[in-house]
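Topology and contacts: notes
Chain by chain, the residues:
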Amino acid sequence: MSSIPTALRRTGVYGILAVGALLSVGPYLLTLNAAFKRPSDLLKTDAWAPAHPATFANFADVWNDYGMSSFILHTLFVAVVVTVGQVVFSATAAYALARLEFPGREWLFRAFIATMMVPQMITLVPLFLMMRQLGLVDTFAGLILPTVFGTPYGVFLVRQFFLTIPKDLEAAARLDGASTWGILVRIMLPLSRPILATLATITFINTWNNLIWPLIITNSDRTRVITVGISALQGEHVSDLPHIVLAGAALALLPLIAVFLLFQRHIVRSIALTGLK
């Protein structure tokens, strides 16, 4: 008899989690499903009705006729460069703030983290003026520079993980003659693969989904990224070609799903080790 309440509670918890998961994933599933529908069926069937017969013509059209292939390549280039830069620079800054002793370290860290409370909208105008003075408007450098050197969140994330690594490992390495750079590269970074994978995943997804800054800093197709491209599709063709917009949204969504599935194990492990919520 005592096992019945436990079983009921467990069933209730799983039921709530299933409903929450469905609410979270549902819009994406509906987008993918609608992207495979024929234009004639899209507005005549319910959103949750399966695409029957499914067609890939929508993807071919948006890929070949609306420049989505170049937009995806632009976005992939920017996201990869920003991700690599953030991982490298966030890791080095986090190691300095976690392990190196220098005057004002804690105050510097607090001031750096305090910038997380500044809304992005406040920095957009001065950032754009800086890029314009440097002649970087409508360039890939203008897209990449504001975030490639790390963010307060990335530094905080890696620093918290570094603090969980025993200092005895570093002490032993120094006894063997290892330098500070050697300790970071040969000990700290290999032990920090889960959190670095988490940071890389978060950075890649945020860069891929970023709309405001690319919309401000670019003004031509030669640097246009996929979020701006889909926004342009919505403005130009949403009334007469909704299947094109949905196919573009699905193309933008699929790489993110692949990245998350590839690194989800590292994300779960890093959260368990650091206790971050």
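Scroll up for the structure.
Notes on the structure follow. Since the model is a prediction, treat every value here as computed from it, not as a measurement. The numbering scheme is per chain: residues are counted from 1 as the chain's sequence reads. In keeping with the model being predicted, local features are shown solely for residues with a pLDDT of at least 70 and side-chain atom pairs are shown and tallied solely at 80 or more, while totals for entire chains, interfaces and linings include all residues. With hydrogens and water excluded, all non-hydrogen atoms of the structure serve as input to the side-chain values.

1. Thoughts on the overall build of the protein chain
Here a helix means four or more residues in a row that DSSP labels H or I, a strand means two or more in a row labelled E, and each is numbered from the N terminus. Scanning the protein chain from terminus to terminus reveals 14 helices and zero strands. Moving toward the C terminus, one meets the helices and strands of the protein chain in the order α-α-α-α-α-α-α-α-α-α-α-α-α-α. The C-alpha extent of the protein chain, read off along each of the three principal axes, is 75 × 70 × 35 Å. Buried positions account for 37% of the 277 residues belonging to the protein chain. Long-range contacts, defined here as pairs at least 24 residues apart, represent 73% of the contacts in the protein chain between residues at least 6 apart. About 16200 Å² of surface is accessible on the protein chain, with carbon and sulfur atoms providing 69% of the total. Classification of residues uses two cut-offs on accessible area relative to the type maximum, computed with a 1.4 Å probe and protein chains only: under 20% is buried, over 50% is exposed, and between them is partly exposed. By definition in these notes, contact holds between two residues if any of their heavy atoms fall within 4.5 Å. For accessible areas, the Shrake-Rupley method is used with a probe of radius 1.4 Å. Any residue's cover is judged against the shown protein chains and nothing else.

2. What about helix H3 (residues 57-64)?
Taken as a whole, H3 has its buried residues at Asn 58, Phe 59 and Val 62. Summarising the axial view, the buried residues of H3 lie within an arc of 95°, below the 170-degree limit, and thus occupy one face. Working note: the arc is built from the helix axis to C-beta atom directions.

3. Some remarks on the nonpolar core
By size, the foremost hydrophobic cluster in this structure holds 23 residues, and its most contacted members are Tyr 95, Val 158, Phe 162, Ile 183, Met 188 and Leu 196. Mapped by element, the contributors of at least two residues to this core are helix H4 (68-99), helix H5 (105-114), helix H8 (152-162), helix H10 (180-191) and helix H11 (193-209). Looking at this core element by element, the count peaks at six residues for H4. Residues within four places of Tyr 95 in sequence aside, it is in contact with Leu 100, Phe 162, Glu 170, Arg 174, Thr 180, Ile 183, Leu 184 and Met 188. Nonpolar core, defined: a set of buried Ala, Val, Leu, Ile, Met, Phe, Trp, Tyr and Cys residues in which side-chain atoms within 4.5 Å join the residues together. Membership of the second largest hydrophobic core comes to 22 residues, among which are Phe 59, Val 62, Leu 256 and Val 259.

4. Describing the side chain of Asn 58
Inspection of the secondary structure puts Asn 58 in helix H3. Asn 58 has contacts with Ala 35, Phe 36, Lys 37, Pro 39, His 243, Ile 244 and Ala 247, leaving out every residue within four places of it along the chain.

5. Section: a nonpolar patch on the surface
Residues with no salt bridge and a relative accessible area higher than 30% make up the patches, which join like charges within 9 Å and nonpolar side chains (Val, Leu, Ile, Met, Phe, Trp, Tyr) within 5 Å. Salt bridges are identified by distance alone: a Lys or Arg side-chain nitrogen within 4 Å of an Asp or Glu carboxyl oxygen. Residues Leu 76, Val 80, Val 84, Val 88, Phe 89, Leu 145 and Phe 149 make up a contiguous nonpolar surface patch of roughly 580 Å² in combined accessible area. For the nonpolar patch, the leading source of residues is H4, giving five residues.

6. Focus: the packing of aromatic side chains
Each aromatic pair joins two rings of Phe, Tyr and Trp (for Trp, the six-membered one) with centres within 6.5 Å, and gets the label stacked for planes under 30 degrees apart, edge-to-face for over 60, and tilted for any other angle. All chains considered together, the criterion is met by eight aromatic pairs. Measuring from ring centre to ring centre gives 5.3 Å for Phe 36 and Phe 56, while their planes differ by 85°; the resulting arrangement is edge-to-face. Highlighted residues: Phe 36 in the loop between helix H1 (3-35) and helix H2 (39-42) and Phe 56 in the loop between H2 and H3, separated in sequence by 20 residues. Plain terms: the ring middles of Phe 36 and Phe 59 are 5.0 Å apart, the flat faces sit at 50° to each other, and that makes the pair tilted. A residue pair is termed long-range when its members are at least 10 positions apart, and Phe 36 in the loop between H1 and H2 and Phe 59 in helix H3 qualify at 23 residues. Owing to a relative accessible area of 23%, Phe 36 belongs among the partly exposed residues under this scheme. Among the aromatic side chains, those forming a connected cluster through ring pairs are Phe 36, Phe 56 and Phe 59. We count a charge as sitting over a ring when the NZ of a lysine or the CZ of an arginine lies within 6 Å of the ring centre and within 35 degrees of the ring normal. Cation over ring: Arg 110 sits above Trp 107, and NZ or CZ is 5.2 Å from the ring centre. Above the face of the Phe 109 ring, Arg 159 is positioned so that its terminal group lies 3.9 Å from the ring centre.

7. Examining the packing of H5 against H8
Interaxial angles span 0 to 180 degrees and are taken between N-to-C directions of axes, which are lines fitted to C-alpha atoms, for helices over the stretch in contact. One way to put it is that H5 packs onto H8 with a least axis distance of 9 Å and a crossing angle of 130°. On the basis of the axis angle, H5 is oblique to H8. Seen from H5, the contacting residues are Glu 106, Phe 109, Phe 112 and Ile 113; seen from H8, they are Pro 152, Val 155, Phe 156 and Arg 159. Its residues assigned to classes, the contact of H5 with H8 shows six nonpolar, no polar and two charged. Just so you know how the angles are binned, under 35 degrees is roughly parallel, over 145 roughly antiparallel, 65 to 115 roughly perpendicular, and the rest oblique. Following the grouping adopted for this structure description, the nonpolar residues are Ala, Val, Leu, Ile, Met, Phe, Trp, Tyr, Cys and Pro, the charged ones are Asp, Glu, Lys and Arg, and the polar ones are all others, Gly among them.

8. Describing the environment of Asn 33
On the secondary structure map, Asn 33 appears in helix H1. What makes Asn 33 buried here is its relative accessible area of 17%. When neighbours within four sequence positions are excluded, Asn 33 is seen to be in contact with Ala 47, Trp 48, Ala 49, Pro 50 and Ala 51. At 2.8 Å, the side chain of Asn 33 and the backbone oxygen of Ala 49 are in polar contact. Counted as a polar contact is a pair of N or O atoms within 3.5 Å, where, for protein atoms, one must be capable of donating a hydrogen and the other of accepting one, and residues adjacent in sequence contribute only when both atoms are in side chains.

9. Description of the pattern of salt bridges
Side chains that differ in charge, positive against negative, can pair when their charged atoms come close. Taken as a whole and assessed by the stated rule, the structure comprises six salt bridges. A salt bridge links Glu 106 to Arg 105; the nearest nitrogen and oxygen atoms lie 3.2 Å apart. For Asp 138, the salt bridge goes to Arg 222, with nearest N and O atoms at 3.5 Å. Within this pair, whereas Asp 138 is found in the loop between helix H6 (120-133) and helix H7 (140-148), its partner Arg 222 is found in the loop between helix H12 (212-217) and helix H13 (226-237), the two being separated by 84 residues in sequence. For Asp 138, a relative accessible area of 6% gives the class buried.

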